[in-house]
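# Breakdown of the fold
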Amino acid sequence: MGFNCGIVGLPNVGKSTLFNALTATAAAESANYPFCTIEPNVGRVAVPDARLTRLAETAKSQKIVATQLEFVDIAGLVRGASRGEGLGNQFLGNIREVDAIVHVVRCFEEGDITHVEGSIDPIRDAETVETELMLADLDSLERRFEQARKRGQQGDKDAKLLAEVMEPLVEALKAGRPARTVTFDKDRHRIAKGLQLLTYKPVMYVCNVEESAAAEGNALSERVRLKAEAEGAGHVVVSAAIESEIAQLGSEAEKREFLETLGLEEPGLNRVIRTGYALLGLLTFFTAGPKEARAWTVRAGAAAPEAAGEIHSDFERGFIAAETIAFEDYVKLGGETGAKEAGKMRQEGRNYIVKDGDVMLFRFNV
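Figured I'd write up the structure that's included with this text. (Residues numbered from 1 in each chain as written. Predicted model: local features only at pLDDT ≥ 70, side-chain atom pairs only at ≥ 80, totals over all residues. Heavy atoms only, no water.)

### A few points about empty space enclosed by the protein
A water-sized probe rolled over the atoms picks out the places where empty space is left. Within the structure shown, the criterion is met by one cavity of 30 Å³ or more. In this structure, the largest cavity spans a volume of roughly 30 Å³. If you go around the largest cavity, the residues you meet are Ile101, His103, Glu130, Leu133, Arg180 and Val203. (1 Å grid on protein atoms, 1.4 Å probe; cavity = no way out; pocket = protein on both sides within 12 Å on 5 of 7 lines; lining within 4 Å. Points joined across faces, edges and corners; volume = space filled by probe spheres on them.)

Right under this line is the structure:
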């Protein structure tokens with residue numbers, strides 16, 4: 001399990017440029033006019049994790065396999081998209097399928113790139129897109145709410161519970177607040193999530209800044225940071241132009257040298273991934289051996305059998321135990337044998353909660 005993010009925003013804010021840079025492909029045409037993305041583009045990238053290289057060196061693995069992250073580049077939304085204006089309405093359905101929304105906002109003043117609104121204001125742009133998503137959610141929810149409420153009044157317990165979950169969501173949307181501002185207990189959250197509301201999904205704002213502001217951001221991105229913090233949303237400053245240049249460099253050494261000249265420690269992709277993991281509550285565990293070292297993604301709070309199921313459903317179904325070593329112990333003690341001799345390999349049962357960085361070997365019987 002990785003996670004997938006839908007990249008949304010107004011036309012000409014740098015969505016497709018960012019997508020191309022992140023996936024190092026030219027799958028999404030990038031041009032200085034609205035709607036240059038005609039079909040949703042999907043790209044997968046390896047999640048960079050320095051621990052995986054160290055693990056492979058320790059285990060003398062022949063191959064390294066990173067976990068995957070999926071990006072979906074969705075055509076630019078405009079005012080009235082929820083009513084079918086522009087091409088936006090055509091793509092709202094694609095957003096419903098993603099785990100999180102990467103909301104790209106333009107935070108650079110460059111004059112030769114047309115802005116659909118005629119001026120640069122990332123807060124206004126963010127609110128424009130959010131309004132369209134809320135209107136689409138309200139339209140989708142109101143009909144279902146009335147049906148569930150009527151069935152609930154007729155004695156249908158499931159429908160009654162569904163209506164109770166829907167009611168505060170409808171009220172929030174009518175008041176101009178996104179669905180994610182409504183909080184539920186665990187069971188009701190699961191029901192609300194199943195409604196596939198666009199504004200119930202976690203959001204990460206990606207501020208696309210000019211190259212000179214990539215390290216520290218600028219006044220425009222600072223406004224977005226304050227908005228994101230007030231909402232409990234994620235926030236990343238990225239220069240899509242820089243990310244494009246990085247993607248074209250051949251070696252890791254060239255990339256590091258280029259980043260250093262700009263005062264950057266890492267590509268923007270790394271920050272986007274970390275923010276996405278935090279938003280979705282994900283963590284990484286590893287498997288390692290002579291053939292391969294591999295990273296796997298599982299939700300935080302997952303028990304050992306669920307992690308085993310990420311590898312193969314048989315592992316989860318026939319789970320017996322998980323031989324577990326903390327990453328630092330694995331590397332420090334020279335691998336599985338050294339960790340075992342030092343008493344750092346633990347045999348964990350089905351109630352064990354997986355920790356980030358665990359190196360695991362699953363015992364199962366089907």
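What follows continues from the structure just given.
### Some words on the pairing of strand β6 (residues 203-208)
Extensive coverage of β6 is indicated by the burial of six of its six residues. Pairing between strand β5 (residues 100-106) and β6: six bridges, direction parallel. The residue of β6 that forms the bridge with isoleucine 101 is valine 203. Taken together, the five bridges between β6 and strand β7 (residues 234-238) define a ladder with parallel strand orientation. Residue methionine 204 lies in a different strand from β7, and its bridge partner there is glycine 234. In this fold, β6 hands off to helix α7 (residues 219-231), which returns the chain to β7; that crossover is right-handed. (Buried < 20%, exposed > 50% of the residue type's maximum accessible area, 1.4 Å probe, protein only. Helix = DSSP H or I, 4+ residues; strand = E, 2+ residues; numbered from the N terminus. Pairing = 2+ DSSP bridges. Right-handed = clockwise from strand over helix to strand, strands pointing away.)

### Looking at helix α10 (residues 268-280)
For α10, which comprises 13 residues, the first-to-last C-alpha distance of 18 Å matches the rise-based estimate of 18 Å (1.5 Å per residue) to within 8%. For α10, the full list of buried residues reads Gly268, Leu269, Asn270, Val272, Ile273, Thr275, Gly276 and Tyr277. Two residues or fewer after α10 comes glycine 281, characterised by a positive phi angle close to 65 degrees. (Expected span 1.5 Å × (residues − 1).)

### Comments concerning the pattern of salt bridges
In this structure the tally under the stated criterion is 24 salt bridges. Glutamate 231 is the salt-bridge partner of lysine 227, the closest N and O atoms lying 2.7 Å from each other. Here lysine 227 and its partner glutamate 231 are both found in helix α7, four residues apart, which amounts to about one turn of the helix. Notably, a salt bridge pairs glutamate 306 with arginine 299, separated by 2.9 Å at the nearest N-O pair. Relative accessible area serves as the criterion here: at 24%, glutamate 306 is assigned to the partly exposed category. Exposure remark for arginine 299: the relative accessible area of 38% places this residue in the partly exposed category. Linked through salt bridges whose partners overlap, the residues forming this network are Asp49, Arg51 and Asp356. (Salt bridge = Lys/Arg side-chain N within 4 Å of Asp/Glu carboxyl O.)

### Topic: the packing of helix α1 (residues 15-23) against helix α8 (residues 240-248)
For the pair α1 and α8, the least separation of the axes is 8 Å and the interaxial angle reads 30 degrees. On the basis of their axis angle, the class for α1 and α8 is roughly parallel. Considering how the two elements wind past one another, α1 and α8 form a crossing that is left-handed. In this structure, α1 contributes Thr17, Leu18 and Ala21 to the contact, and α8 contributes Ala240, Glu243, Ser244 and Ala247. Class assignment for the residues of the contact of α1 with α8 results in four nonpolar, two polar and one charged. (Axes fitted to C-alpha atoms, helices over the stretch in contact; angles between N-to-C directions. Parallel < 35°, antiparallel > 145°, perpendicular 65-115°, else oblique. Left-handed = near helix turned anticlockwise from the far one by under 90°. Contact = heavy atoms within 4.5 Å. Nonpolar A, V, L, I, M, F, W, Y, C, P; charged D, E, K, R; others polar.)

### Details of the environment of glycine 343
Looking at the secondary structure, you find glycine 343 in the loop between α14 (336-341) and β11 (346-348). Residue class for glycine 343 comes out exposed when judged on its relative accessible area of 54%. Linking glycine 343 and isoleucine 325, residues 18 residues apart in sequence, is a C-alpha distance of 9.7 Å.

### With respect to the layout of surface pockets
Of the volumes computed, that of the largest pocket is approximately 850 Å³. Along the wall of the largest pocket there are 29 residues; nearest its centre are Asp99, His189, Lys193, Pro202 and Leu280. Elements that contribute at least two residues to the lining of the largest pocket include exactly α6 (186-194) and α10. Tallying contributions element by element places α6 first for the lining of the largest pocket, with four residues. Space inside the second largest pocket adds up to approximately 560 Å³. Lining the second largest pocket we find 19 residues, and of these Pro48, Glu252, Lys255, Pro267 and Asn270 sit closest to its centre. Put simply, the parts of the chain that give the lining of the second largest pocket at least two residues each are α1, β2 (41-46), α8, α9 (252-261) and α10.

### Remarks on the nonpolar core
Residues Leu69, Phe71 and Ile95 are the most contacted members of the largest nonpolar core, which totals 49 residues. Once residues within four sequence positions are removed from consideration, leucine 69 is found in contact with Phe3, Cys5, Gly43, Arg44, Val45, Val47 and Ile273. (Core = buried A, V, L, I, M, F, W, Y, C linked by side-chain atoms within 4.5 Å.)

Remember that the coordinates give geometry; whether it matters functionally is a separate question.
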